[in-house]
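# Working through the structure, step by step
If you want the building blocks of each chain, they are given just below.
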Amino acid sequence: MARVRAPLVPGDVVSVEVTGVAHDGAGVGRADGLAVFVPGTVPGDLALVRVSEVRRTFAVAKLVSVERASEVRVDPGCPSFGRCGGCQLRHVAYHAQLSFKTRRVREAFRRIGHIADVDVAPCLPAPVIDGYRNRVQFALDEKADGTRVVGFRPAGTHLVVDVDLCGLAMGEVNEAGQLLRKVLNSPEGSGIRVGPESLHHAAVRVSSCTKEVMVILVTASRDLSGFDAVARSLAHLKASIVSVHVAVSPARKGANWLGRASLLHGRETITECVRDRRFIISAESFFQVNLAQTERLVDTVEASASLTGTETLLDVYCGTGLMSICLAGDCAHVVGVEAVQEAVRDARVNARANRVGNAQFIAGRAETILGDLMARGLKPDVVVLDPPRAGCDREVLVATAEMKPSRAVYVSCDPETLARDLGFLNELGYRTRSVQPLDMFPNTSHVEAVALITPDPR
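In this text the structure is predicted, and so the values were computed from the model without any measurement.

Okay, the overall build of the protein chain next. Within the protein chain, the secondary structure is distributed over 9 helices and 23 strands. In terms of overall dimensions, the protein chain has a C-alpha envelope of 75 × 65 × 35 Å along the principal axes. Put simply, the protein chain has 458 residues, and 55% of those count as buried. When the accessible surface of the protein chain is totalled, it reaches about 20,000 Å², and 52% of it is carbon and sulfur. For the protein chain, the centre of its 53 positive side-chain charges and the centre of its 52 negative side-chain charges are spaced 2 Å apart.

Moving on: the sheet that holds strand 17 (residues 312-316). A sheet is described by the order of its strands in space; here 8 strands give the open sequence 7-22-23-21-20-17-18-19, paired in mixed fashion. Sheet topology places strand 7 (119-120) and strand 19 (359-363) at the edges, where each strand pairs with a single neighbour. Where strand 17 lies against strand 18 (residues 333-338), 5 bridges are found, and the strand directions are parallel. Across the sheet, the residue bridging to Leu314 is Val335, located in strand 18.

It is worth spelling out the environment of Gln341 at this point. Mapped onto the secondary structure, Gln341 falls in helix 6 (residues 341-353). Owing to a relative accessible area of 59%, Gln341 belongs among the exposed residues under this scheme. A C-alpha to C-alpha distance of 9.1 Å links Gln341 and Ser285, two positions 56 residues apart in sequence.

Bringing the state of the cysteines into the picture now. By definition, a disulfide links the sulfur atoms of two cysteines through a covalent bond. Throughout the structure, instances matching the rule amount to 1 disulfide. The disulfide bridge from Cys209 ends at Cys273, spanning 2.2 Å between sulfur atoms. The disulfide joining Cys209 to Cys273 has a torsion of about 70 degrees about its S-S bond and is therefore right-handed. On the criterion of sequence distance, the pair formed by Cys209 in the loop between strand 11 (199-206) and strand 12 (213-219) and Cys273 in strand 15 (residues 269-274) is long-range, its members being 64 residues apart. Not engaged in a disulfide, the cysteine Cys78 finds its nearest cysteine sulfur in Cys84; these two sulfurs lie 6.2 Å apart. Taking relative accessible area as the criterion, Cys78 reaches 19% and is therefore assigned buried. Unpaired in terms of disulfides, Cys87 finds its nearest cysteine sulfur in Cys166, a separation of 5.9 Å.

Let us look at the pattern of salt bridges. Applying the stated criterion across every chain yields a total of 21 salt bridges. In this structure, Glu302 engages Arg275 in a salt bridge whose closest nitrogen and oxygen atoms are separated by 2.9 Å. Linking Glu302 in helix 4 (residues 291-305) with Arg275 in the loop between strand 15 and strand 16 (277-282), this pair joins segments that are 27 residues apart in sequence. Arg275 gets classed as partly exposed once you look at its relative accessible area, which sits at 26%. The salt bridge partner of Glu367 is Arg365, with a shortest N-O separation of 2.4 Å. A relative accessible area of 17% means that Glu367 is categorised as buried. The network of salt bridges with common partners includes Asp162, Asp164 and Arg181.

Now for the sheet that holds strand 4 (residues 34-38). The strand order across the open sheet built from 6 strands is 1-5-6-4-3-2, with neighbouring strands paired in mixed fashion. Pairing within the sheet leaves two strands with one partner each, and these edge strands are strand 1 (13-17) and strand 2 (20-21). The pairing of strand 2 with strand 3 (residues 27-31) spans 2 bridges and is antiparallel. Note on strand 3: the bridge partner recorded for Val21 is Gly27.

Relative to the elements of secondary structure, Arg148 occurs in strand 9 (residues 148-152). Among the residues examined, Arg148 registers a relative accessible area of 8% and is labelled buried. Between the alpha carbons of Arg148 and Val334 there is a distance of 48 Å; along the sequence they are 186 residues apart. When sequence neighbours within four positions are dropped, the list of residues in contact with Arg148 reads Asp141, Glu142, Arg181, Leu184, Asn185, Gly189, Ser190, Ile192, Arg193 and Val194. A polar atom in the side chain of Arg148 sits 2.7 Å from the backbone oxygen of Leu184.

One pass over the structure, following the stated rule, counts 3 aromatic pairs. For the ring pair Phe37 and Phe58, a centre distance of 5.7 Å and an interplane angle of 85 degrees mean the geometry is edge-to-face. Linking Phe37 in strand 4 with Phe58 in strand 6 (residues 58-68), this pair joins segments that are 21 residues apart in sequence.

Each value, and the rule that gives it
- Residues numbered from 1 in each chain as written.
- Predicted model: local features only at pLDDT ≥ 70, side-chain atom pairs only at ≥ 80, totals over all residues.
- Heavy atoms only, no water.
- Helix = DSSP H or I, 4+ residues; strand = E, 2+ residues; numbered from the N terminus.
- Buried < 20%, exposed > 50% of the residue type's maximum accessible area, 1.4 Å probe, protein only.
- Areas by Shrake-Rupley, 256 points an atom, 1.4 Å probe, with all protein chains shown as cover.
- Lys, Arg positive; Asp, Glu negative; His and termini not counted.
- Charge placed at Lys NZ, Arg CZ, Asp CG, Glu CD.
- Pairing = 2+ DSSP bridges.
- Disulfide = S-S within 2.5 Å.
- Salt bridge = Lys/Arg side-chain N within 4 Å of Asp/Glu carboxyl O.
- Contact = heavy atoms within 4.5 Å.
- Polar contact = N/O pair within 3.5 Å; in protein donor to acceptor, adjacent residues only side chain to side chain.
- Phe/Tyr/Trp six-rings, centres within 6.5 Å; stacked < 30°, edge-to-face > 60°.

Honestly, it's all geometry; don't read function into it.
Here it is in structure tokens:
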């Protein structure tokens, strides 16, 4: 009589043939009829894994050992890989990373958007796959012996992994993190408490063209005594640290804070360059983290928009004006909409600095602003949508369709929300014509995509 194996339970050690990859980069196999998600594995691996969680239709496991390595598995080349949580695909050959990302976008359109006939092109590779990030959010904590650590907190844990060198970050970003660790462990930094109830994160941003460095210290406490001394010490150790701010926010929000950051030392902004344009960036403003690939992103949006010089362009979620200013020379008029007032202020300064006279920027939530613009008679020929990871609110998509543009270009950093939103636009009479994924984040599971949408003639 055949022996019937008991169902999987946490703690079981089983052998799994990895055949797929999940959207977060974890390898996927099957055991006892369940899908098993195993971070750190690659399709083609035969892996020994320890089950950590069992649900009704799937299980999660940790890699114990690779019994047979996939042909696309490579040496990650980083001592922190698998510990810090930052590089989900560093152990995967780059051509396979691109293939996974293309497949992720295609699957999202099929499974979530229910759009099967869209042309999803192969993912465009990045010119460099390491040392590209100009902005990093460091997690900060204090050990039991009083040593302050600067590194990263893996998802789902409270532990900060001390990391001296992040392979994704530009050298100047890593150096700023090292100097921050030095200052926090010096007499100048002793006046600041470090941990979840006080200083818990620091965001470091570096200009790819000027090498100026901005540091934003994020604390849960409104007691800012000692922060001025840390800011002065950082600037003294490195002349390129020209801007140091502090922001107050709960630790659960990480380095993402609400409200205004306060300047502690130096200048309010730093300057970044894209194409031949210069952009000032304040502490509150979003800007792309991979500048080499950002130029290709702008090129892709420009090609999709097919501007002839006569159009009115509406740029929704415009940020500091990157797309508006880069595309302004190809159209008659640009209107940018952005909820973050500081970013709108930066966009207006950037337009003046780049001698762009045909762009205007409006501060406000897109869900309400678009209705106001329609009521005032705005009829854009082309709409660019570049929302945050959560995607567009439905009110924005409805307003976009009601404006009846001849083309819309959707820029997304999340294929699943992109597919969801374009599926809804399809119901509103706008059909997705093409999708171009771009690898803005090599060695991670993230992927950018640019989609062209036009009215359905039916």
